[in-house]
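Remarks on the overall topology
Okay, here's what each chain looks like letter by letter:
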Amino acid sequence: MKKTLKTILLMLLTCSMVLGLCCACGNEEETYYSSADELATKRISIWQGFTYEGFIKEHYPSAEYYYFGDINLMYEALQSNKVDAFAYEECFQSFAKKDGLNISKLEDLKYPTKYGFIYSDKEKSKTLLNQMNEYLAKVKKSGELAVLQEEWLFSGETKEAPEINTWDTSAGEVIVSTPASQVPFHYLYNGEFSGYEAALLTKFCEEYKYKLTINIAQWDAMLADVQTGRSDIGVGCIEMSDYHQEAFAMCDSTFDGNFVLYVKANPANEPMYTKEELEGKVAAGLTGSIDDFVVENTFKDYVIDHYQTTNDALYALSIGKADYAISGIGVINEVIKKMEGITYLKEPAYNQHLCAIFNKEDAKSQKLLKEFNEYLAQAKESGELNQINSKWNTYLSEGELMERSFSGEEINIAIYPFEVPYSFMKENEYYGIEIDIANAFCEKYGYTPNFVSMDFSALLPALMSNKCSIGIANVAYTEERAKSVDFSEPYIDVPLHFVVRTKGTTSKSLTEKLKTSFYRTFIEENRYEMFISGIITTLAITISSAILGTVLGFAIYMLCRKGNKLLNVFFDIFSRLMIGLPMVVILMILYYIIFGHSDLSGTIIATVGFTISVMLAVYSDLKVSVKAFDKGQIEGAYAIGLTDVQTFFRIILPQALQTFLPAYKGNIIGLINGTAVVGFIAVQDLTKMSDLIRARTYEAFFPLLATAIIYLILGALLTSIVKKVQFNFEPERRSKEKILKKFNK
């Protein structure tokens, strides 16, 4: 009996343990990482022999390390939870996405590195080394190397090997040893040596008329082949480390890359919709853009909500006001880095041809069109255009402009600086593909560029009024647009994709969000300087308009005070017309029509517009305030000997101001808030600077909140000044003796 009981208890205990283990395994949650800091004590897989090993160990002295010599094994170890991350070349990301690999790269820890080929000590190899350096210098200068890198390293596609030995091979044989095991640099495709390094070697051998022979060997065997001279060149994503350069002769860098950490991708970051599921959904489109055309030609049932900037459209998408947006792949790659919960559908929705635009009727603009097309043809042939486009599409907001020198006539170039990598603002300067191209064109043809920032919807008025001679602002060619403006040849073809929310995303704490938002809004790239610049412009327009408008309004009232019928009728009609128009319309009429052919800046024209607004408000309010005045006091003033002017300034005006100043204070608050629309005429005020910052950070809440607070502070300061004036005109502060001082004399 006891034995039976023990057996039952043992079986129950065993079953409990098994069930417990099953439950534990069933409840185990995957761990996903979104920053490199989270890996400080985790398991990291590295490819032994690269200098990034020391770099990573320096950052993570407490991490656990595993060594592999094959990218496939590293990936399998990550997916089976044997490691938490692995380090590999950054350009691998596009191939991983294309192949559907369940990984994502961490952006906040990068190790720059250079790659090259190794050569044996044979005299022949020394000749090959010199020729390779000569060839690399040539293709780097021409832009051919950048094109090759774009095609093989960033396209995301493994491709058929380039055909070899189809050229004149009279210069002899070059024997190359390679492991052919690392996508995208060297790998086997249908049994043939392929990849970026294969393509580069093929072009080199064709240039120098060598026969190319490939030996596939393991890493160690490849090194031994080169050391013993059995192979002339060793190719295998070989880092230009001190160790390799001491052991072998190496050519100049064939590619400058970065090592990053890859972690398992969070399945919750998958797109919320497929393309088919977007039928009937709400699209967030950019006003005046090609978005409407794309949506209308893709779906039968659709709704489009329009926004002024790409940032606004993407933010509307992120908070659920829209189901999808449309954007170019360069913009998308930048957005994904900065906005949580956003991804895109891999299938392109439309391939747009971006062109510069010119006025059909203006002779100067037509001359520039001809020159611009000539420049594009030459830049395409020389490789300069591909070099510019490849650089910015690779490095996005981290790219740098080519140094240029300008002389000659200044030309105004309309830009839309809200989209990385085409045109954007960084550290209070303009950067991007379009800026680089415009600078290159101006340098070549002897112009000095003056970039004029504006909203997309203002491009056509700016060209038609000759405020700008060229528009290079992410404008895609369509037949409908070609009826209004002339298009240049395309300077880049950009695939558009549908941008959607993800099924889920990890969320930071409120404190972390606020800290990050504050840093990115004010500190990063010295963006506080942009706010300061915007505040100065806003105050300059506001104060100038307030002073000039008040003086002119008072002067007009004084001219009309004694009943001049012609002036009264004119200003009454003028006031009604102006009051009936929105301020933004008034500003655009002044900027693009009345002063369309003048050289006055947008700031001056904005000041003119708001001065007129204040002037008419002062004139109207004074008329109302004085009409409310008791006429008997005027008769009394005349009776004691005061003149008409003395009566007005000593008796009428001080009392009328009690009615006038409260309305005037409201006008000043409305004035400073009203200046927010001056961005429509290419003025970079506080609101426009906020838009430019939001276009870089892809954050809506914090920059808008900061802008609102600044407007409140500025409004409070100006109204306090008006209150001080109002206080000094209060009746109880003015004695009878002071009023009659001059008369008593």
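What comes next concerns the included structure. Bear in mind the structure is a predicted one, so any value in this text is a computation, not a measurement. (Residues numbered from 1 in each chain as written. Predicted model: local features only at pLDDT ≥ 70, side-chain atom pairs only at ≥ 80, totals over all residues. Heavy atoms only, no water.)

1. Some words on the overall build of the protein chain
- When helices and strands are counted, the protein chain shows 27 helices and 24 strands.
- Radius of gyration (C-alpha) of the protein chain: 35 Å, far over the 27 Å computed for a compact globule of 745 residues.
- Along the first, second and third principal axes, the C-alpha atoms of the protein chain reach 120 × 95 × 55 Å.
- Within the protein chain, the proportion of its 745 residues that are buried is 49%.
- Partitioning the contacts of the protein chain with sequence separation of at least 6, the portion at a separation of at least 24 is 77%.
- Here the protein chain has roughly 35,300 Å² of accessible surface; of this, 57% comes from carbon and sulfur atoms. (Helix = DSSP H or I, 4+ residues; strand = E, 2+ residues; numbered from the N terminus. Rg over C-alpha atoms; globule rule 2.2 N^0.38 Å. Buried < 20%, exposed > 50% of the residue type's maximum accessible area, 1.4 Å probe, protein only. Contact = heavy atoms within 4.5 Å. Areas by Shrake-Rupley, 256 points an atom, 1.4 Å probe, with all protein chains shown as cover.)

2. Things to note about the pairing of strand S1 (residues 43–47)
- Burial analysis of S1 places four of its five residues in the buried class, which makes it a mostly covered element.
- With five bridges connecting them, S1 and strand S2 (residues 64–68) associate as parallel partners. When the bridges of S2 are listed, Ile-46 appears paired with Tyr-67.
- Of the crossover connections in this fold, the one passing from S1 over helix H2 (residues 52–59) to the parallel S2 is right-handed.
- Taken together, the two bridges between S1 and strand S3 (residues 85–89) define a ladder with parallel strand orientation. The residue of S3 that forms the bridge with Ser-45 is Phe-86. (Pairing = 2+ DSSP bridges. Right-handed = clockwise from strand over helix to strand, strands pointing away.)

3. What about a nonpolar patch on the surface?
- Taken together, the side chains of Leu-514, Phe-701, Leu-705, Ile-709, Ile-713 and Leu-717 define a hydrophobic patch exposed on the protein surface, amounting to about 550 Å² of accessible area.
- For the nonpolar patch, the element with the most residues is helix H25 (residues 701–728), which contributes five residues.
- Judged by relative accessible area, Leu-514 falls into the partly exposed class, the value being 37%. (Patch = residues over 30% accessible without salt bridge, like charges linked within 9 Å, V, L, I, M, F, W, Y side chains within 5 Å. Salt bridge = Lys/Arg side-chain N within 4 Å of Asp/Glu carboxyl O.)

4. Digging into the environment of Gly-549
- Mapped onto the elements of the fold, Gly-549 is located in helix H18 (residues 528–560).
- In this structure, the C-alpha to C-alpha distance between Gly-549 and Asn-412, residues 137 residues apart in sequence, is 30 Å.

5. Here's the deal with the pattern of salt bridges
- The full count for this structure, using the stated rule, is 21 salt bridges.
- For Lys-114, the salt bridge goes to Asp-256, with nearest N and O atoms at 3.1 Å. One end of the pair, Lys-114, is in strand S4 (residues 103–119); the other, Asp-256, is in strand S11 (residues 255–264), with 142 residues separating them in the sequence.
- Since its relative accessible area comes to 43%, Lys-114 is described here as partly exposed.
- Among the charged side chains, a network of salt bridges with common partners joins Glu-90, Lys-105, Glu-107 and Lys-110.

6. Here we look at the sheet that holds strand S19 (residues 423–426)
- Spatially, three strands are ordered S18-S19-S20 in an open sheet, and the strand pairing comes out antiparallel. Every interior strand has two partners, whereas the edge strands, strand S18 (418–419) and strand S20 (429–431), have only one.
- When S18 meets S19, the two strands line up antiparallel, connected through two bridges. Bridging across to S19, Phe-418 finds its partner in Phe-424.

7. Some thoughts on the layout of surface pockets
- Within this model, the second largest pocket holds a volume of roughly 520 Å³.
- Those elements that provide at least two residues to the lining of the second largest pocket are helix H5 (123–142), helix H6 (144–153), S11 and helix H14 (384–395).
- It is H14 that contributes the most residues to the lining of the second largest pocket, seven residues altogether.
- The residue makeup of the lining of the second largest pocket, split by class, is eight nonpolar, 10 polar and seven charged. (1 Å grid on protein atoms, 1.4 Å probe; cavity = no way out; pocket = protein on both sides within 12 Å on 5 of 7 lines; lining within 4 Å. Points joined across faces, edges and corners; volume = space filled by probe spheres on them. Nonpolar A, V, L, I, M, F, W, Y, C, P; charged D, E, K, R; others polar.)

8. Some words on H5
- The terminal C-alpha atoms of H5 lie 29 Å apart, and with 20 residues this matches the ideal 28 Å at 1.5 Å per residue to within 8%.
- Among all positions in H5, only Ser-125, Leu-128, Leu-129, Gln-131, Met-132, Tyr-135, Leu-136 and Val-139 are buried.
- Positioned one or two residues after H5, Gly-143 has a phi angle of 90°, which is positive. (Expected span 1.5 Å × (residues − 1).)

9. Some details on H14
- For H14, with 12 residues, the first-to-last C-alpha span of 17 Å sits near the 16 Å given by 1.5 Å per residue.
- Of the residues making up H14, those classed as buried are Leu-385, Ile-388, Asn-389, Ser-390 and Trp-392.
- Where H14 is buried, its residues touch H6, helix H13 (363–382), S19, S20, helix H15 (433–445) and strand S24 (492–501).
- Positioned one or two residues after H14, Leu-396 has a phi angle of 50°, which is positive.

10. Re the environment of Arg-230
- Topologically, Arg-230 is positioned in the loop between helix H8 (219–228) and strand S9 (233–239).
- Separated by 186 residues in sequence, Arg-230 and Tyr-416 have C-alpha atoms that sit 57 Å apart.
- In contact with Arg-230, other than residues within four places in its own chain, are Ile-175, Ala-224 and Asp-225.
- A polar side-chain atom of Arg-230 sits 3.4 Å from a polar atom in the side chain of Thr-228. (Polar contact = N/O pair within 3.5 Å; in protein donor to acceptor, adjacent residues only side chain to side chain.)

11. Focus: the packing of H13 against H15
- Running from N to C, H13 and H15 cross one another at 105°; their axes reach a closest spacing of 10 Å. Here H13 lies roughly perpendicular to H15, going by the angle between them. Along its contact with H13, which presents Leu-368, Glu-371, Phe-372, Glu-374, Tyr-375 and Gln-378, the element H15 presents Ile-437, Ala-440, Phe-441, Lys-444 and Tyr-445.
- By residue class, the composition of the contact of H13 with H15 is seven nonpolar, one polar and three charged. (Axes fitted to C-alpha atoms, helices over the stretch in contact; angles between N-to-C directions. Parallel < 35°, antiparallel > 145°, perpendicular 65-115°, else oblique.)

12. Some words on empty space enclosed by the protein
- Under the definition given, this model contains two cavities of 30 Å³ or more.
- In this structure, the largest cavity encloses a volume near 210 Å³.
- What lines the largest cavity is a set of 23 residues, among which Leu-286, Asp-291, Ile-326, Glu-419 and Asn-474 lie closest to the centre.
- Broken down by secondary-structure element, the contributors of at least two residues to the lining of the largest cavity are strand S12 (282–286), helix H11 (310–318), strand S14 (324–328) and strand S22 (470–476).
- Class assignment of the residues belonging to the lining of the largest cavity gives a composition of 13 nonpolar, seven polar and three charged.
- In this structure, the second largest cavity occupies an estimated 50 Å³ of space.
- Lining the second largest cavity are Tyr-52, Phe-55, Ile-56, Leu-109, Lys-110, Tyr-111, Phe-259, Val-260 and Leu-261.

13. Digging into the packing of H18 against helix H21 (residues 602–627)
- One can describe the packing of H18 onto H21 by two numbers: an axis separation of 6 Å at closest approach and a directional angle of 40°. As judged from the angle between their axes, H18 and H21 are oblique. The way H18 lies across H21 gives a crossing that is right-handed.
- By residue class, the composition of the contact of H18 with H21 is 16 nonpolar, nine polar and one charged. (Left-handed = near helix turned anticlockwise from the far one by under 90°.)

14. Things to note about the nonpolar core
- Ranked by internal contacts, the top residues of the largest apolar core, which has 138 residues, are Tyr-324, Ile-413, Ile-437, Phe-441 and Met-454.
- Once you skip the residues sitting within four places of it in the chain, Ile-413 turns out to touch Ala-438, Cys-442, Pro-449, Asn-450, Phe-451, Val-452, Cys-468, Ile-470 and Ile-472.
- Judged by nonpolar contacts, the second largest core, of 72 residues, contains Tyr-88, Phe-95, Phe-117 and Val-176. (Core = buried A, V, L, I, M, F, W, Y, C linked by side-chain atoms within 4.5 Å.)

15. Here we look at the state of the cysteines
- Under the counting rule described, the total for this entry stands at zero disulfides.
- Free of any disulfide, Cys-251 has its nearest neighbouring cysteine sulfur in Cys-205, separated by 13 Å.
- As a non-bridged cysteine, Cys-355 has Cys-442 as the owner of its nearest cysteine sulfur, 18 Å distant.
- Exposure remark for Cys-355: the relative accessible area of 2% places this residue in the buried category. (Disulfide = S-S within 2.5 Å.)

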